[in-house]
Number of protein chains: 2
Amino acid sequence: MSGDRRVRRTRRMVQEALVALILEKGYEAVTVTDIIARADVGRSTFYSHFTDKQDVLLSNLHDLAFLRPAPAGGEPGRLFAFSLPMLEHVREQERLVRALLGRRGGGPVHAHGERLLAGLVRDELLAAGARASAALDLLVVCVVGAFMGLLRAWVDGETAASPAELDAAFRAAVEPGVRAVLGRL
Amino acid sequence: MSGDRRVRRTRRMVQEALVALILEKGYEAVTVTDIIARADVGRSTFYSHFTDKQDVLLSNLHDLAFLRPAPAGGEPGRLFAFSLPMLEHVREQERLVRALLGRRGGGPVHAHGERLLAGLVRDELLAAGARASAALDLLVVCVVGAFMGLLRAWVDGETAASPAELDAAFRAAVEPGVRAVLGRL
DNA sequence: CTGAATTCCGAACAATGTGTTCGCTTATGA
DNA sequence: TCATAAGCGAACACATTGTTCGGAATTCAG
């Protein structure tokens, strides 16, 4: 590992404290004072590692590597290869993802995820033969919106469905429309 | 109108000040002190009308009446009757909606809109012959996610499309999938 | 027009949170 | 072992919140 053990320990304690507090009170309601109390870390120490609350939140993003650029290829005709693997990966990191992406998570991370996913979807549709256009961008927005909505509903406990069921629901909702649009380009 | 003219005036000034400030700095960054300065209203006056910042935000919701329960009926086979009228109504209230529903708007109103829209969509699908089920709820989440995504992208200036184009994109993306699912219930 | 009621003002206040500084202590790795 | 890097925590200035209160201004009813 890199750096001093104390550094790793401190950063980890702070990150975990924030996640725990988000799940208890929601991101907005968490104060830096809360965090350092929970993490049992000095105030000055906190500010020597992070600039503020949001910095801690975003520092967790590196652990959300499941937004990898898709294993390239896969079966040829299959759309949205990212969906099922991503949902399964999320289940494993349930606690972290629920804190970061749920309604209690406050938004910034959700926006981040939306952008990343939009890039993925756009590339995939281009690879499937779509032409870059304003209409394509709107289609991407719809697809991403549907997926993120599903993801949020899941981590917020609004559904007890399994990753496979969520994947199926996602595909059922958007795949026919997407294929129809693709055919027209 | 109801009540004292001073009351109406004060409330209006405060609401407009918040909308203006959101468009400038984003909801999170706006303080009560900012609001009363911009509205030119005494501090105690503010707190005699509103409990806090969010209260002002939500007080604007009554003006967003475009979430009406749909003009009932319409053509029989037509799905998502709410879409185009809603988008057109939004264009007329551009400034207010952009402040409330955009990324800068901070979330609470977005969540509100999602819930209302989910009820609308769910009722419409039930009326179209769907059975209440977990699968239906997931479908509703996807549809609402797609629409809200489109709406958000629009008010955040990510697209210059017209209401008619947005409506078309929405339908193209989700209607085939929805009809396919409906056929299976 | 007048007067009582309502509303507004604004200053002051306690309470909480933020981000920084500094001298001292402790843990780490070479 | 020992120089270095990290942590501690108290104290600080500052910003924001939400409340209180007496006096000034506006409004509406009669």
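Given the structure is predicted, the values throughout are model-derived calculations rather than measurements. (Residues numbered from 1 in each chain as written. Chains lettered and ligands numbered in written order. Predicted model: local features only at pLDDT ≥ 70, side-chain atom pairs only at ≥ 80, totals over all residues. Heavy atoms only, no water.)

A. Just the relation of the copies chain A and chain B, in detail. Rotating chain A by 180 degrees and translating it 0.0 Å along the rotation axis places it on chain B, where the RMSD comes to 0.1 Å. With respect to symmetry, the two chain copies, as superposed, fit the operation of a two-fold axis. Looking at chain A, 100% of its interface residues are interface residues in chain B too, so the copies touch through the same face. (Least-squares fit on C-alpha atoms with pLDDT ≥ 70 in both. Contact = heavy atoms within 4.5 Å.)

B. Region of interest: the packing of aromatic side chains. Evaluation of the coordinates by the stated rule reveals 14 aromatic pairs over all chains. Both rings, one in Phe 46 of chain B and one in Phe 50 of chain B, keep their centres 5.8 Å apart while their planes meet at 40 degrees; by these two values the pair is tilted. With respect to class, Phe 46 of chain B is no different from Phe 50 of chain B; both count as buried. The interplanar angle of 80 degrees and the centroid separation of 5.2 Å between the aromatic rings of Phe 82 of chain B and Phe 147 of chain B together place this pair among those described as edge-to-face. Separated by 65 residues along the polypeptide, Phe 82 of chain B in the loop between helix H4 (53-59) and helix H5 (83-92) and Phe 147 of chain B in helix H8 (residues 134-155) bring together distant segments of the chain. Across this residue pair, the class does not change: Phe 82 of chain B and Phe 147 of chain B are buried. Chaining the aromatic ring pairs together yields one cluster made of Phe 80, Phe 82, Phe 147 and Phe 170 of chain A. Note that Lys 53 of chain A overlies the ring of Tyr 27 of chain A, its terminal NZ or CZ placed 4.3 Å from the centroid. (Phe/Tyr/Trp six-rings, centres within 6.5 Å; stacked < 30°, edge-to-face > 60°. Buried < 20%, exposed > 50% of the residue type's maximum accessible area, 1.4 Å probe, protein only. Helix = DSSP H or I, 4+ residues; strand = E, 2+ residues; numbered from the N terminus. Lys NZ or Arg CZ within 6 Å of the ring centre and 35° of its normal.)

C. Up close: the pattern of salt bridges. Under the counting rule described, the total for this entry stands at 26 salt bridges over all chains. Close ionic contact of Asp 4 of chain A with Arg 6 of chain A constitutes a salt bridge, the shortest N to O distance being 2.8 Å. A residue is classified by how much of its surface remains accessible, and Asp 4 of chain A, at 32% relative accessible area, is partly exposed. Beyond isolated ion pairs, a larger network of salt bridges with shared partners links Arg 103, Arg 152, Asp 156 and Glu 158 of chain A together with Glu 114 of chain B. (Salt bridge = Lys/Arg side-chain N within 4 Å of Asp/Glu carboxyl O.)

D. Structural view of the interface of chain A and chain B. Of the residues lining the interface, 27 residues belong to chain A; the matching set on chain B comes to 27 residues. Taking both sides of the interface into account, the surface hidden between chain A and chain B amounts to around 1,900 Å²; carbon and sulfur atoms contribute 70%. Counting the surface chain A buries against chain B, the share from its top three residues, Leu 138, Cys 142 and Ala 173 of chain A, is 28%. At the junction of chain A and chain B, the tally comes to 4 salt bridges. Counting across the interface, chain A meets chain B through 2 residue pairs in polar contact (both at pLDDT 80 or more). Listing elements by their share of the side of chain A that touches chain B, those giving two or more residues are helix H7 (108-127), helix H8 (134-155) and helix H9 (163-183) of chain A. Of all the elements, H9 of chain A adds the most residues to the side of chain A that touches chain B, at 11 residues. Split by residue class, the side of chain A that touches chain B holds 18 nonpolar, 4 polar and 5 charged. (Buried area = accessible area lost by both parts, 1.4 Å probe. Polar contact = N/O pair within 3.5 Å; in protein donor to acceptor, adjacent residues only side chain to side chain. Nonpolar A, V, L, I, M, F, W, Y, C, P; charged D, E, K, R; others polar.)

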